[in-house]
Amino acid sequence: MQSDLHEEQKVTSLCGNHVARLVPSSDGPKLMINLEEYALNETCWDVEMFQGRSNSILIFYWKGEVKLSVKMPPMPQIEAFMTRLYQILTSKLRTVQPI
């Protein structure tokens, strides 16, 4: 999966000062929220993603705790980020098994 994420993909929410990035690493893709890093190859995450006509909502949980909850307007870079995050997470669902 690392080869599918060639460069850092970044989105900045317009709701607060949160910055979210998808970052490649030797351990697989990671989601960085502000300065915190979350390995997407681990099974500690849950995500709720909603895409509507006027807004998108992303809620990211780590070990049951909300780490990011943002409402974002429709913008091409936000839609690309949400699509890429969805692709990474759904591919991990097929390959990562709970311990």
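Refer to the preceding data block for the structure.
A brief structural summary. (Residues numbered from 1 in each chain as written. Predicted model: local features only at pLDDT ≥ 70, side-chain atom pairs only at ≥ 80, totals over all residues. Heavy atoms only, no water.)

1. Structural notes on the packing of aromatic side chains
And step 1. Throughout the structure, instances matching the rule amount to three aromatic pairs.
And step 2. On the numbers, 5.1 Å between centres and 55° between planes, the contact of Tyr38 with Trp62 is tilted. Of this pair, Tyr38 sits in strand β4 (residues 36-39) while Trp62 sits in strand β6 (residues 56-62), and the two are 24 residues apart along the sequence. Side by side, Tyr38 and Trp62 carry an identical accessibility label, which is buried.
And step 3. Members of the aromatic cluster, joined through ring pairs, are Tyr38, Phe60 and Trp62. (Phe/Tyr/Trp six-rings, centres within 6.5 Å; stacked < 30°, edge-to-face > 60°. Helix = DSSP H or I, 4+ residues; strand = E, 2+ residues; numbered from the N terminus. Buried < 20%, exposed > 50% of the residue type's maximum accessible area, 1.4 Å probe, protein only.)

2. Things to note about the environment of Val23
And step 1. Within the element layout of this structure, Val23 appears in strand β2 (residues 19-23).
And step 2. Sequence-wise, Val23 and Tyr38 are 15 residues apart; in three dimensions their C-alpha atoms are separated by 9.9 Å.

3. A closer look at the pattern of salt bridges
And step 1. Counted under the stated rule, the structure contains two salt bridges.
And step 2. Here Glu37 and Lys30 are joined by a salt bridge, their closest N and O atoms 3.0 Å apart.
And step 3. By relative accessible area, which is 46% here, Glu37 ends up partly exposed.
And step 4. Measuring nitrogen to oxygen at the nearest pair gives 3.3 Å for the salt bridge that ties Lys67 to Glu65.
And step 5. According to the relative accessible area criterion, Lys67 is partly exposed, its value standing at 26%. (Salt bridge = Lys/Arg side-chain N within 4 Å of Asp/Glu carboxyl O.)

4. Re the environment of Ile33
And step 1. Relative to the helices and strands, Ile33 resides in strand β3 (residues 30-33).
And step 2. Residue Ile33 is classed as buried on the basis of its relative accessible area, which comes to 4%.
And step 3. In the structure, Ile33 is positioned 35 residues away from Leu68 in sequence and 7.4 Å away in space, judged by C-alpha atoms.
And step 4. Every residue in contact with Ile33, bar those within four places of it in the chain, is listed here: Val19, Tyr38, Phe60, Lys67 and Leu68. (Contact = heavy atoms within 4.5 Å.)

5. Some points on the nonpolar core
Most often, soluble globular proteins keep nonpolar side chains buried together rather than apart.
And step 1. Grouped together as the largest cluster of nonpolar side chains are 19 residues, with contacts concentrated most on Leu31, Leu40, Leu58 and Phe60.
And step 2. Within the residue set of this core, elements represented by two or more residues are β2, β3, β6, β7 (65-72) and α1 (76-95).
And step 3. At six residues, the largest contribution of residues to this core is made by α1.
And step 4. Ignoring anything within four residues of it in the chain, the contact list for Leu31 reads Ala20, Arg21, Leu22, Glu36, Glu37, Tyr38, Leu40, Phe60 and Phe81. (Core = buried A, V, L, I, M, F, W, Y, C linked by side-chain atoms within 4.5 Å.)

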